[in-house]
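# An overview of the molecular structure
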Amino acid sequence: MCGIAGCIGSADVDTVNRMLDALVHRGPNDRGVHVSGNMAFGHTRLSIVDVAGGHQPIISTDNSCGIIGNGEIYNFRRLREQLAQDFEFRTHSDTEVALHLYRKKGPACVKELDGMFAFCVFTEDGDYLLARDPVGIKPLYYAHRDGSLYFSSELGAMSLAGVDEVHEFPAGHYYTPKEGFVRYYQVPEVRDHLLTDADEAASRIRETFRASVKKRLLADPEIPVGAFCSGGLDSSLIAAIAAEEIPNLHTFAVGMRDENGHDSDDLTAARLVAKHIDSTHHELVFTEEEYYQALPAVIGKLESYDPSLVRCAVPCYFTCKLAAQYVTVVLTGEGADELFAGYHYMKHQDMSRLNQDCRQLISTLHNINLQRADRIGMLFNLELRVPFLDTAMIDLAMQIPAELKIRDVDDARIEKWILRQAFADTGLLPEDIIWRYKVQYTQGAGCESLGEKLAEREMSDEEMAEIKAANPRAAINSKEAALYFKIFRRYHPQDSILSSIGIWEGFNFAEERASTQGALDNKRYQDTPVAPGKTNAPEGATQ
């Protein structure tokens with residue numbers, strides 16, 4: 001993965017270099033700057049595809065155009081074969097494929113790119129194209145100053161451009177000076193009358209998801225690929241499929257121990273998964289003190305003060321820290337709850353609206369969960385890939401009726417039922433994991449209440465009120481949010497970025513965060529007779 005920065009309208013190399021200085025963690029392997037007329041472009045590189053030759057900016061052999069890009073294009077080899085007869089390639093990089101595809105098809109080229117990306121193509125006559133992937137897995141921000149357009153991969157870098165107001169580049173859009181913003185992708189409309197048969201839906205899920213995971217194993221042979229494995233359904237499915245392709249796949253889990261020395265649920269469940277799929281498993285046990293020590297760095301790099309996002313970002317921080325010791329690319333489970341109705345509050349919704357709500361949630365992931373995955377992974381020079389958010393998976397999910405996503409079984413409403421059912425009795429995972437009771441990432445790691453505990457200790461009602469009054473553009477609705485905002489301002493004092501920060505709204509977090517313990521002991525929820533087991537665990541939410 002990489003960091004990009006640019007200025008269009010003036011060759012402001014000094015500002016571009018300052019922005020790149022703030023993006024070194026996104027690309028520690030290489031750095032490049034190119035000036036083209038009244039434009040300047042910069043790039044920091046984390047080498048994954050064409051490690052030896054993929055230096056950026058990439059300039060065409062006739063010097064007529066160039067590109068800087070952040071991301072991975074999974075279908076680049078097929079596209080390259082189609083383009084090779086018309087264009088001379090300088091590298092084996094997937095990014096150069098996007099450049100020549102633009103030369104052949106213009107801005108519409110983005111519709112043919114299967115992957116996660118944010119890039120800028122520029123030409124010697126001053127034309128340019130900015131584009132971001134369909135659901136916004138890769139970040140991109142922009143702003144104007146003195147008639148020039150500045151853009152970058154992170155808000156912190158944008159602050160160094162001295163702009164008045166930073167905007168998030170919209171997911172699924174491209175921009176050209178001639179056309180302005182053009183939407184080339186939107187989450188498909190709900191067509192949940194198409195896959196009403198459970199067996200057919202399960203078969204389609206197995207086929208589509210396997211393909212989604214396998215395409216995300218793309219990397220040069222010397223670049224190791226691993227998988228997060230919390231022991232929850234989502235990450236475990238990904239790890240199990242990846243392990244079929246990568247012998248001794250590296251898997252990673254983190255958690256805490258309680259005062260009695262008991263490991264958190266995720267640590268226990270992840271060991272069960274790792275043994276079953278025969279992965280090379282790594283785990284990190286962190287303490288309460290280490291959690292608090294990490295919190296400021298997490299908030300600074302996360303570029304957010306939203307409590308729900310920060311809570312999940314801290315265990316993600318420890319997981320990325322662990323994984324970076326062994327791999328460069330890691331697969332993770334973001335998006336499954338949005339696709340398959342995995343949140344507990346959804347059980348109480350009108351089923352006729354459920355898929356519309358899921359569709360809306362998918363459309364907002366770009367500056368919430370996906371921001372967490374991008375920022376925390378990049379902090380450790382780690383590329384995170386999200387198989388559930390393949391566009392084919394999204395399209396499929398919009399065809400599956402709500403009654404298959406949340407299913408009534410034995411007087412209980414089971415979330416993500418069709419995803420569980422698709423892989424039940426296949427041997428891919430232990431059935432205890434397939435039907436494991438849901439726990440939120442922070443709960444499974446054992447750190448759910450630590451942020452609130454710290455806020456109660458360090459943030460008075462008076463200080464919270466003062467912070468809220470002094471920052472009317474910020475969303476501060478709790479002591480925890482006030483504390484995180486106070487920390488956030490140490491790293492990001494500029495008001496210019498506040499409007500680009502996503503806030504997770506619309507959830508009943510009291511329900512999602514109900515205390516759980518011993519989740520593997522719960523009853524297996526299936527249509528067939530079940531084995532006896534405990535059924536008294538309260539509800540929680542999943543990673």
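Numbering of residues begins from 1 in every chain and follows the order in which that chain's sequence is written. Note on the predicted model: pLDDT of at least 70 is required for a residue's local features to be given, and 80 or more for side-chain atom pairs to be given and counted; whole-chain, interface and lining totals, by contrast, use all residues. Note that the side-chain values use all heavy atoms of the structure and ignore hydrogens as well as water.

### Side note on the overall build of the chain
The secondary structure listing takes helices from DSSP runs of H or I that are at least 4 residues long and strands from runs of E that are at least 2 residues long, numbered from the N terminus. Broken down by element type, the chain carries 21 helices and 19 strands. Since a compact globule built from 543 residues should have a radius of gyration of about 24 Å, the 23 Å found for the chain is in line with a globular shape. Taking the principal axes of the C-alpha coordinates as reference, the chain spans close to 70 × 60 × 45 Å. When the 543 residues of the chain are sorted by exposure, 64% land in the buried category. The Shrake-Rupley method, run with a 1.4 Å probe, gives the accessible areas here. Residue values count only the displayed protein chains as cover. A total accessible area of about 19800 Å² is found for the chain, and carbon and sulfur atoms account for 45% of it. Our radius of gyration is a C-alpha quantity, and the globule rule it is checked against amounts to 2.2 Å times the number of residues to the power 0.38. Only protein chains enter the area calculation, which uses a 1.4 Å probe; residues under 20% of their type maximum are buried, those over 50% are exposed, and those in between are partly exposed.

### Re the sheet that holds strand S12 (residues 180–183)
Here, strands pair whenever DSSP counts at least two bridges between them. Read from one edge of the open sheet, 6 strands run S4-S5-S6-S7-S11-S12, paired in antiparallel fashion. Edge positions in the sheet fall to strand S4 (58–59) and S12, since each has one partner strand and no second. With 5 bridges connecting them, strand S6 (residues 115–123) and strand S7 (residues 128–132) associate as antiparallel partners. By the bridge assignment, Phe119 is partnered in S7 with Ala131. The contact rule is simple, with two residues in contact once any of their heavy atoms fall within 4.5 Å. Interaxial angle, 0 to 180 degrees, is taken between N-to-C directions of lines fitted to C-alpha atoms, where a helix line uses only the stretch in contact. Relative to the sheet, helix H3 (residues 94–105) contacts S4, strand S5 (65–73), S6 and S7, its axis offset from that of S5 by approximately 125°.

### Comments concerning the sheet that holds strand S9 (residues 148–152)
Spatial ordering of the open sheet is given by S2-S3-S1-S9-S8-S10, a layout of 6 strands whose pairing is antiparallel. This sheet does not close on itself; its edge strands, each paired only once, are strand S2 (30–36) and strand S10 (167–168). Relative to S10, strand S8 (residues 141–145) runs antiparallel, the two sharing 2 bridges. When the sheet's bridge partners are listed, Tyr142 is paired in S10 with His167. Its contacts with the sheet put helix H1 (residues 13–21) on strand S1 (2–8), S2, strand S3 (39–45), S8 and S9, and the angle it makes with S2 is roughly 160°.

### A few points about H1
Those residues of H1 that sit buried are Thr15, Val16, Met19 and Leu20. One face of H1 carries all of its buried residues, which in axial projection span an arc of 140°. Tucked into the core, H1 has its buried residues touching S1, S2, S3, S8, S9 and helix H4 (155–159). Think of it as the arc spanned by the lines of direction from the helix axis to the C-beta atoms.

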